[in-house]
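What follows is the residue order along each chain.
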Amino acid sequence: MKKSPFAAAAVAFLAITACKPIQRDHTYDYDYPKPSREFLLRWIGTPSGVALWVSTADDGEDNGRYEGIQFLVDPGSPTDVEAVVLPALARNGLPKGHPLAYVVLTSSDAQALAGAQRVAKEFTGVEIVGAPRGALSAKGKAVPAAAKLDVGPEISARLFRSSNDGVDALALLIRFIDVQILLLPGHAEGIADALAESVGEKMEKEGLHTTLVFAAGGAALSAHALEHLDPEVVVGTGGTSS
């Protein structure tokens, strides 16, 4: 399948800039994003894993703040949030008290939920989106489960929940123009892979492929799932299973 020049360029940017903090043993020298940036992913290494900060279009004003729609994926435990995530956000233009649209959790781990609630206390307008129960407002009010996040007209963020009974897992597929980024949960063996295969089958029917696949916690993906996804870059997985 022929990949677009834009997709290749986006992959190179993500691989060079977004993943760099993971390799620095939790030390950070972030560069503030330029006002013209329309879509930005930043990985934040924490003691218990990796958080993802997604920023959409800025308003173009050079005022020291990045004012697009902001959301986080898997910010970690309350300790991770306090020690690493909140300081990283503040250093890069998102201090406490500013709008944050969502905190997305790929699992229902109790520490992860507590960390998300800790984040929600520091920002305005936060919804905590989890699997499969849907969302919670910052005050803990239940919000019906959604199939996508509202992140503006140029970017889509689709949610895929596990079909296995008793398994609380969620995958997030972010699309910007022809770049598709799939974020998978770091669950026990087989869960992330099953979600990856399900998403890949849907994408095949839509004539799409993934630009980048990221699996939290080093989850292994099968060759069959990767065949469906047809990714250009795979990050953070524990390799390929049989």
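No experiment lies behind these values; they were computed from the predicted model shown.

A.B. asks: Account for the sheet that holds strand β14 (residues 233–235), naming residues and giving values.
C.D. replies: Here 6 strands make up an open sheet; going across it, the order is β8-β9-β10-β11-β12-β14 and the pairing mixed. Two strands lie at the open edges of the sheet, namely β8 (148–149) and β14, each paired on one side alone.

A.B. asks: How would you summarise unusual backbone geometry if you had to cite specific residues and measurements?
C.D. replies: Even without a glycine there, the phi angle at Ile177 is positive, about 55°. By the secondary structure assignment, Ile177 is in the loop between β10 (170–176) and β11 (179–184). Unlike most non-glycine residues, Asp230 shows phi in positive territory, near 50°. Within the fold, Asp230 resides in the loop between α5 (223–229) and β14.

A.B. asks: Describe helix α2 (residues 78–91), with residues and values.
C.D. replies: Over its 14 residues, α2 extends 19 Å from the first C-alpha to the last, a length consistent with the 20 Å expected when each residue adds 1.5 Å. Bending of α2 peaks at approximately 35° at the position of Val85, with proline Pro87 no more than four residues after it. Among the residues of α2, those classed as buried are Asp80, Val81, Val84, Val85, Leu86, Ala88 and Leu89. Where α2 is buried, its residues meet β1 (40–46), β2 (49–55), β3 (70–73) and α3 (110–122).

A.B. asks: Residues and numbers for α3, please.
C.D. replies: With 13 residues, α3 extends 19 Å between its outermost C-alpha atoms, agreeing within 8% with the 18 Å of an ideal straight helix rising 1.5 Å per residue. Restricting attention to buried positions, one finds in α3 the residues Ala112, Leu113, Gly115, Ala116, Arg118, Val119, Ala120 and Glu122. The distance from a side-chain oxygen at the start of α3 to the backbone nitrogen of Gln111 is 3.0 Å, and the residue carrying that oxygen is Asp109.

A.B. asks: Lay out the pairing of strand β5 (residues 127–130) with the relevant residues and their values.
C.D. replies: Walk down a regular strand and you will see the side chains alternate between the two sheet faces. Here 3 bridges tie strand β4 (residues 102–104) to β5, and the two strands are oriented parallel to one another. In the strand pairing of β5, Val104 is matched with Val129. Between the parallel pair β4 and β5, the chain is carried across by α3, and the sense of this crossover is right-handed.

A.B. asks: I'd like a description of the pairing of β1, backed by residues and values.
C.D. replies: Of all 7 residues in β1, 7 are buried, a share of seventy percent or more. Burial along β1 is two-sided: the residues Leu40, Arg42, Ile44 and Thr46 and Leu41, Trp43 and Gly45 are all buried. Summarising the sheet, β1 and β2 pair through 7 bridges and their orientation is antiparallel. By the bridge assignment, Ile44 is partnered in β2 with Ala51. Hairpin connection of β1 to β2: 2 residues between the antiparallel strands.

A.B. asks: With reference to specific residues and values, describe the pattern of salt bridges.
C.D. replies: Applying the stated criterion across every chain, the model contains 3 salt bridges. A salt bridge links Arg158 to Glu206, with the nearest nitrogen and oxygen atoms 3.0 Å apart. Of this pair, Arg158 sits in strand β9 (residues 155–161) while Glu206 sits in the loop between α4 (191–205) and β12 (212–215), placing them 48 residues apart in sequence. Given the relative accessible area of 25%, Arg158 is considered partly exposed. It is possible to trace a salt-bridge network through shared partners that takes in Glu82, Arg118 and Glu122.

So, how was this worked out
- Residues numbered from 1 in each chain as written.
- Predicted model: local features only at pLDDT ≥ 70, side-chain atom pairs only at ≥ 80, totals over all residues.
- Heavy atoms only, no water.
- Pairing = 2+ DSSP bridges.
- Helix = DSSP H or I, 4+ residues; strand = E, 2+ residues; numbered from the N terminus.
- Expected span 1.5 Å × (residues − 1).
- Bend = angle between axes of the 7 residues up to and from the residue.
- Buried < 20%, exposed > 50% of the residue type's maximum accessible area, 1.4 Å probe, protein only.
- Contact = heavy atoms within 4.5 Å.
- Polar contact = N/O pair within 3.5 Å; in protein donor to acceptor, adjacent residues only side chain to side chain.
- Right-handed = clockwise from strand over helix to strand, strands pointing away.
- Salt bridge = Lys/Arg side-chain N within 4 Å of Asp/Glu carboxyl O.

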